[in-house]
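Structural overview
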Amino acid sequence: MIKSLIRYSLRALERQKAYVLINVSGLAVGLACSLIIVLFIRYELSFDRYNEKKDRICRVILNGKIGGQELMVTSTASPIGPTMKNEFPEVENFLRINGWGETILRYGDHCFTEDAFMEADSSFFDFFSIPLVRGQKELVLNQAYTLVISVSTAKKIFGDEDPVNKMLKVGNDSTLYRVTGVMEDVPETTHFTANAIGSFMTNRRAGDDQWLSNSFNTYVLLYPKSDPEKVNERFSGMIVKYVGLLVQQYFGISMQDFLNQGNKYNMYLQNLSEIHLDPSIEQDLKPANDPKYLWIFGSIAALIIIIASINFMNLSTAQAGKRAREVGIKKVSGSTKGYLITQFLVETVILSFLALLLTILLVEITLPYFNRILGITLHVGYLSNWYTIPLMISFALVVGIIAGSYPAFYLSSFNPYMVLKGLRVRKSAHGRLRSCLVILQFSISIVLIVGTLVMYRQIRFMLNKDLGFDKENVLVIRRAAAAGDHVQSFKEAIRKIPEVINVASSTSVPGRRNNNNGYMLKGRPEKSFLLETNWVDYDYFDTWGISLSAGRFFDRSFPTDREACIVNESAVRSYSLTDPFTERFMTRDDEADEVTYIPVVGVAGDFHFESLRSNIAPYMFRFKTDDINWGYFSVRLSSGFTTATINRIEETWGSFTNHDPMQYFFAGNDVERMYKEEKQNAKLAVLFSILAILIGSLGLYGLTTFTVQQRTKEIGVRKTFGAGMGDIWYMVAKDIIVLVLISTAIAWPFIYWIADNWLRNYPYRINLQPVDFLAGCFISLFIALLTISYRTIKTALVNPSISLRYE
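This write-up is about the structure you can find in this document. (Residues numbered from 1 in each chain as written. Predicted model: local features only at pLDDT ≥ 70, side-chain atom pairs only at ≥ 80, totals over all residues. Heavy atoms only, no water.)

This part covers the pairing of strand S9 (residues 177–183). With six of its seven residues buried, S9 lies for the most part within the structure. By the bridge criterion, two bridges tie strand S6 (residues 132–134) to S9 in an arrangement that is antiparallel. By the bridge assignment for S9, Arg 134 is matched with Val 182. Judged from the five bridges that link them, strand S7 (residues 146–150) and S9 form a sheet pairing that is parallel. Bridge pairing in S9 places Thr 146 opposite Arg 178. Note that strand S8 (residues 167–170) and S9 share two bridges and pair antiparallel. Considered in S9, the bridge of Leu 168 is made with Tyr 177. (Buried < 20%, exposed > 50% of the residue type's maximum accessible area, 1.4 Å probe, protein only. Helix = DSSP H or I, 4+ residues; strand = E, 2+ residues; numbered from the N terminus. Pairing = 2+ DSSP bridges.)

Let's shift gears to the packing of aromatic side chains. Taken as a whole and assessed by the stated rule, the structure comprises 41 aromatic pairs. Ring centres of Phe 124 and Phe 128 lie 5.3 Å apart, and the angle between their planes is 45°; this geometry places the pair in the tilted category. Across this residue pair, the class does not change: Phe 124 and Phe 128 are buried. Taking 4.8 Å as the distance between ring centres and 70° as the angle between the ring planes, the aromatic pair formed by Phe 541 and Phe 621 counts as edge-to-face. Linking Phe 541 in helix H15 (residues 540–544) with Phe 621 in strand S21 (residues 619–623), this pair joins segments that are 80 residues apart in sequence. Taking relative accessible area as the criterion, Phe 621 reaches 0% and is therefore assigned buried. Sitting over the ring of Phe 665, Arg 512 keeps its end group 4.3 Å from the ring centre. Residue placement shows Lys 522 over the ring face of Tyr 597; its charged tip is 5.7 Å from the ring centre. (Phe/Tyr/Trp six-rings, centres within 6.5 Å; stacked < 30°, edge-to-face > 60°. Lys NZ or Arg CZ within 6 Å of the ring centre and 35° of its normal.)

Another point: the side chain of Asp 561. With respect to the helices and strands, the residue Asp 561 is situated in the loop between strand S17 (548–551) and strand S18 (565–568). If we ignore the near neighbours within four places in the chain, the residues touching Asp 561 are Arg 552, Phe 553, Phe 554, Asp 555, Val 601 and Phe 623. (Contact = heavy atoms within 4.5 Å.)

What follows is about a nonpolar patch on the surface. There is a patch of nonpolar side chains on the surface, built from Val 738, Ile 742, Ile 746, Phe 750, Trp 753 and Ile 754 and spanning about 590 Å² of accessible area. For Trp 753, a relative accessible area of 58% translates into the label exposed. (Patch = residues over 30% accessible without salt bridge, like charges linked within 9 Å, V, L, I, M, F, W, Y side chains within 5 Å. Areas by Shrake-Rupley, 256 points an atom, 1.4 Å probe, with all protein chains shown as cover. Salt bridge = Lys/Arg side-chain N within 4 Å of Asp/Glu carboxyl O.)

A separate point is the packing of helix H14 (residues 487–495) against helix H17 (residues 643–656). Look at H14 against H17: their axes get within 10 Å of each other, and the N-to-C directions meet at 155°. Accordingly, the angle class assigned to the pair H14 and H17 is roughly antiparallel. Remark: the crossing between H14 and H17 carries right-handed chirality. Of the residues in H17, those touching H14 at Ser 489, Phe 490, Ala 493 and Ile 494 are Ile 649, Thr 652, Trp 653 and Phe 656. Residues that form the contact of H14 with H17 fall into these classes: six nonpolar, two polar and no charged. (Axes fitted to C-alpha atoms, helices over the stretch in contact; angles between N-to-C directions. Parallel < 35°, antiparallel > 145°, perpendicular 65-115°, else oblique. Left-handed = near helix turned anticlockwise from the far one by under 90°. Nonpolar A, V, L, I, M, F, W, Y, C, P; charged D, E, K, R; others polar.)

Here helix H3 (residues 80–87) crosses helix H6 (residues 228–251) at 115°, and the two axes come no closer than 12 Å. Overall, the two elements H3 and H6 adopt an arrangement that is roughly perpendicular. As for the relative orientation of H3 and H6, their crossing is right-handed in sense. Judged by residue contacts, Ile 80, Thr 83, Met 84 and Glu 87 of H3 engage Val 231, Phe 235, Met 238, Lys 241 and Tyr 242 from H6.

Time to look at the nonpolar core. The biggest cluster of nonpolar side chains holds 95 residues, and the ones touching the most others in it are Trp 544, Ile 546, Phe 554, Phe 621 and Phe 688. Tallying contributions element by element places helix H2 (residues 17–45) first for this core, with 14 residues. The contact partners of Phe 688, leaving out residues within four places of it in the chain, are Cys 33, Ile 36, Ile 37, Phe 297, Ile 300, Ile 304 and Phe 370. Of all hydrophobic cores here, the second largest spans 46 residues; its members include Leu 222, Val 247, Leu 531 and Cys 565. (Core = buried A, V, L, I, M, F, W, Y, C linked by side-chain atoms within 4.5 Å.)

Don't take any of this as a statement about function, it's just geometry.
The following block contains the structure:
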């Protein structure tokens, strides 16, 4: 019986080639879009899950509030890990990581730029399941100035040579590092990137007890079955014991009094699997992604499947009139309703599996394109996971059954007497349902169109907003420390290049955060104030075009400015600095064991030193003395600079740095980098919206084809009585126009709710405009009318004598 059903279904589908082509194409595109979105979501959820001990590994998060400024950061003090291992019975081991980012590795006379260097304790390979090709995991990082490199880095630097025990110069360190191990490349689905890992024992702060200097990522490995909440409960005691002493020493108040003033200083554990999708925490190893986009794209996948299924149902029910006589004959011949339902469901399932085959082809063709857009590596892995193929087959089966259920029940319900007598099959309920499905389809399309337009407007707003500084034509050179004690000489040499307008030296630049430091104010010693701090020279403000609200910038004619500071307007507002020029900030110099007083000489206009996802926080500029040689050089270029200009800057850099490669970026490009996630997601949203519209258009075209076929005689009669092409077109189009307008009315409330909630994530955002809502309506209407026009006009051009003979 099953064989005969399949055989008959294939013959039936063969007689409906146009219907099969449109249905399979629409369903395949929908399945392909959904599959790619599922792959993307699977990729995002897979971060760090390859680790064998993932359930026992946690990262320590510092949650603080000082002077009204809250922070949630991964930066912690060096002694936290060792202390937790010694005093917390749940902690088996600890790991500290210090991310350097980009640096230079030198082997002999050859230099290599590595964009992911970091320092880690010797426990690194006990925490993370990254195989070692050479070396023993307990020994490779257990001494200072030892180094583990990845397979790809070893190949790049040493070729076919054995890298173990080779010596490398790292950055500006005069002591050479010894390669003690080679590891497999760190998987892409890891919350950090590392091509080379130096021993944390090399870091001068590896053994210090500075509890208020938070600079490192700390991880702990819990004993099996240990409760992280019990560890969280122990943090308060540890903080009072070690941090409380320093608070008493610096502020002259107890830890409890410090907290009673509205401040907060606490820590908690974050499980390894939660790191990648938690953007609420400021991370320095690799930016976290926002999980709301997974919900957005998951919803888009579901909506696309719904659109494709609606197409299927509409086209199937539109075919009902053509298959009514077939149903009548089968019923008279003894076929039961159950048999007919099964037959029609078999047909839809066959179509669904044909669509699945086309889906696989489409995914294999388009996946490289999506990987380029996202900058990641998505792959289906048909055989790598046992569940992939069964899941795809099950999905196609379910979609086929759901999409074909209504047409199957509808077709099987025809009265054979009415059908065989040639009486009109009831169409009112059938037509109303089809109209409802088209309305739902257009409503979804309008939501996708307007949502995409809002995303693009917000991104354009963020890229074009006045940031409070001039980002154009600023070349930023990293690793200023490579110039050593020759900072001023290098600046003077750069200024001699004709296209160079100005050069500045600083420890931070807009978009690249530096230090978030705590200060006291004279007269208010019991309170603390948190300010982002940047050490800059005399030329910084002119180079970056930062405005001055009051006072002055650092001035060479005032020698005392070298001990002074400049704060932004946000600091004045947040900390109630009524007369900022009478205020003196205080900070403790641990090495000299004395308090340093910092007078305010200027107030800078607010500028966005981080992305527009964050409000402008209090900011302090301190003078960069000669002993601070790390950070950046900022070079302001004229608008007419060329590649030759950059080459001359590189030559000058090489002459001051023993020909180290110059690592640089342009400030304008760096600002765009901050919105990489939004830009990628907007591109995906546009693409999937276009594909959703394409699917809907395929269905609408097929529906129009069958509608026009049913009304061919009517069109012939109308033409005989003088109706023109425009009249025929309007006769078909008016129903579509009404459906689109109804869809618009339904979609608008959903659009407002979705867009408004999404925009609330941005402190600086666009306002929703009427044009956003109208655009979705007009675009949908234009596409719908364009879709039906070809088929309608083609039928309208047929000679009426032919139309009147149409059966």
